[in-house]
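Residue-level structural notes
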Amino acid sequence: MGRVEIKNIELGITANGFRNVLVKRFLSPFKKFSGFLQKSQWWSGERIEEYQLERLKKILKVAYEHTPYYRGLMEVYDVNPYSITSFEDIARLPLLEKEDIRLHHHEMISDAKFYSMLYKCHTSGTSGKPLTLYRDLENVGFEHALLMRQWQWAGLKPNDRYVSIKGDLISEDKTDSGIFWNFSIAENKLYMSSYHLSEKNADHYVRALQKYSPAAIEGYPSSVSALAKFVRDRGIRIPMKAVLTTSETLSPEQRSLMESAFHCRVYDYYGMAERVAAIHTCEEGSYHLIPEYSYVEFVEKDYLSDGYCELVGTSLNNKAMPVIRYRMSDVVKPGEGYCACGREFPVIESIAGRQDDYIVTPSGKLIGRLDHVFKGAENLVEAQLYQPDRENLVLRLVPDKYYDAARDGKMILAKLKQRLGEAMNLEIENVASIPRGGRGKFKAVISKVNGFAY
Ligand SMILES: [Zn+2]
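Residues numbered from 1 in each chain as written. Predicted model: local features only at pLDDT ≥ 70, side-chain atom pairs only at ≥ 80, totals over all residues. Heavy atoms only, no water.

For the rest of this paragraph, the subject is the environment of Glu138. For Glu138, the location among the structural elements is in helix H7 (residues 137-153). Between the C-alpha atoms of Glu138 and Pro29, which are 109 residues apart in sequence, the distance is 6.0 Å. (Helix = DSSP H or I, 4+ residues; strand = E, 2+ residues; numbered from the N terminus.)

Encoded structure:
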């Protein structure tokens, strides 16, 4: 097995790594929750629902007793937190919108002294201003335990060494000398830069992967598939136990590219900064909504078709800042029945992404998962659909040297017309690169039109 060179270790990264491990594994109730999550994954559907109702009662009590915002809301909507008997009782509370959190977040933080150890976190994203949210140590421990269970589903062990490629910054001193990563001893983890992935630097990345020989790579689908492309283009394979992807919508093409270059399965998982829903991939390759994490309601809407729903979520594990019936900007298609893995967790057939992943047609229809219009267009390095207004759509293309506008460009336009109709103006814009969004995330679709009815 290869080893990273010692000169790539930075003191700052090391201190940060030790602090992460100390808080997540030792100060938080991580061990208690790990034990719990091992058992709860095999509970019956009925037992899971009982657990969710019990937790909801607790959260509502905390919200009523310790936050002015929810106390006021429960009084107005006549919800008594001490006499909740069903999920319908909770549904009497109104939906919480992003704007409500922005305006009232100070009144939503618990005043209980024992939640004094608060962690602040911010939402990112291309639409709207970021939100500030708080969580407690219990929430930190629960989430870490949950992530470790996702690792276990992927066949990984907590101390397996891995590469993370998720928008971390690397100092210029290093990148100037061809080093695009930092190693964290405490976490046994190599943080790679997702900002320097280019053909020019590809050899450095591939050699580092070969040398480090990780058990897994975890990162944005766009970044891990760029690494996979470098590996494949050199006619080699770097076998691993698993690839874990998160934070962006994963396309079937990215999945197959990663699976072939790294000779393992891709486990895509989904979370969100508001912390009211988590979706993980099991050993059978199914997406599961994690019921111990939050209580999620699926809401059908006229402007969504093919069984896709909006999600409304309530965190079951954050007493520092209860978030109840939060309307997410994410859209998924629920599946039917149970999975062959034996867990009675809800199955999610498909994750369509967030609202700005949708193109809104001039007639008001929302069209998601448009990434497949690029299928077969091999002569593109990257592509992005940008919708400035209802009538116009710009295709930003980064062509490679084999790109032929008359053939490839025409094919993509024809596929888009098929899906979007004739009423929309389509325009191709060739660009040298596509800028990344918050924390270096790549967006395949950016729409400035809000097609969601509020
Ligand atoms: Zn399963």
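Tracing the backbone shows Leu197 in the loop between strand E5 (189-192) and helix H9 (202-212). The contacts of Leu197, once residues within four sequence positions are left out, are Ile165, Tyr205, Ser223, Ala226, Leu227 and Phe230. (Contact = heavy atoms within 4.5 Å.)

The backbone phi angle of Asp78 is positive, close to 55 degrees, even though this residue is not glycine. Within the secondary structure, Asp78 is located in the loop between helix H4 (68-76) and helix H5 (87-90).

The tally for this structure, following the rule as stated, stands at 22 salt bridges. One salt bridge connects Arg102 with Glu99, and the closest N-O pair in it is separated by 2.6 Å. Placement of both Arg102 and Glu99 in helix H6 (residues 98-108) is noted, with a separation of three residues, approximately one turn of the helix. According to the relative accessible area criterion, Glu99 is partly exposed, its value standing at 40%. For Lys241, the salt bridge identified is with Asp160, shortest N-O distance 2.8 Å. On the criterion of sequence distance, the pair formed by Lys241 in the loop between helix H10 (221-233) and strand E7 (242-245) and Asp160 in the loop between H7 and strand E3 (162-165) is long-range, its members being 81 residues apart. Several salt bridges share partner residues, and in doing so they unite Glu97, Glu310 and Arg327 into one network. (Salt bridge = Lys/Arg side-chain N within 4 Å of Asp/Glu carboxyl O. Buried < 20%, exposed > 50% of the residue type's maximum accessible area, 1.4 Å probe, protein only.)

For helix H12 (residues 405-420), the complete set of buried residues consists of Asp408, Gly409, Ile412, Leu416 and Leu420. Mapping the buried residues of H12 onto a view down its axis gives an arc of 90 degrees, with all of them on the same face. For H12, the exposed residues lying more than 90 degrees away from the buried face are Ala406, Lys410 and Gln418. Against strand E15 (359-360), strand E16 (366-367), strand E17 (380-389), strand E18 (392-399) and strand E19 (425-430) lie the buried residues of H12. Measuring from the side-chain oxygen of the N-cap residue of H12 to the backbone nitrogen of Ala406 gives 3.0 Å; that N-cap residue is Asp404. Directly after H12, the chain includes Gly421, whose backbone phi takes a positive value near 85 degrees. (Arc of directions from axis to C-beta. Polar contact = N/O pair within 3.5 Å; in protein donor to acceptor, adjacent residues only side chain to side chain.)

Let us look at the pairing of E18. Of all eight residues making up E18, six are buried, and the element is well covered by its neighbours. Bridge count for E17 against E18 is seven bridges, and the pairing is antiparallel. Counterpart to Tyr386 in the pairing with E18 is Val394. Between the end of E17 and the start of E18, which pair antiparallel, lie two residues. Two strands pair when backbone bridges link them, and E18 and E19 are joined in this way by six bridges, in the parallel orientation. Bridging from a neighbouring strand, Leu397 pairs with Asn430 of E19. (Pairing = 2+ DSSP bridges.)

This part covers the domain arrangement of the protein. The domains assigned to the protein are domain 1 (6-21 + 154-268), domain 2 (41-149 + 270-356) and domain 3 (358-447). Distance from the C-alpha centre of domain 2 to the C-alpha centre of domain 3: 33 Å. (Domains from an automatic or database assignment.)

What follows deals with the coordination of the zinc ion. With distances of 2.1 to 2.3 Å, the protein atoms coordinating the zinc ion are Cys282 (SG), His288 (NE2), Cys339 (SG) and Cys341 (SG). Each donor residue of the zinc ion belongs to the same chain, and together they define the spacing C-x5-H-x50-C-x1-C. Residue Cys282 is located in the loop between strand E9 (279-281) and strand E10 (287-289), and its partner Cys341 is located in the loop between strand E13 (326-334) and strand E14 (347-354); the two are separated by 59 residues in the primary sequence. The burial state of Cys282 is the same as that of Cys341; both residues are buried. (Donors = N, O, S within 2.8 Å, 3.2 Å for Na, K, Ca; no water.)

Per-residue confidence for the protein gives a mean pLDDT of 87, with 91% of residues at or over 70. Taken together, the stretch residues 1-8 has pLDDT below 50 and engages in 17 contacts with residues farther than four places along the chain or on a different chain. (pLDDT = per-residue confidence, 0-100.)

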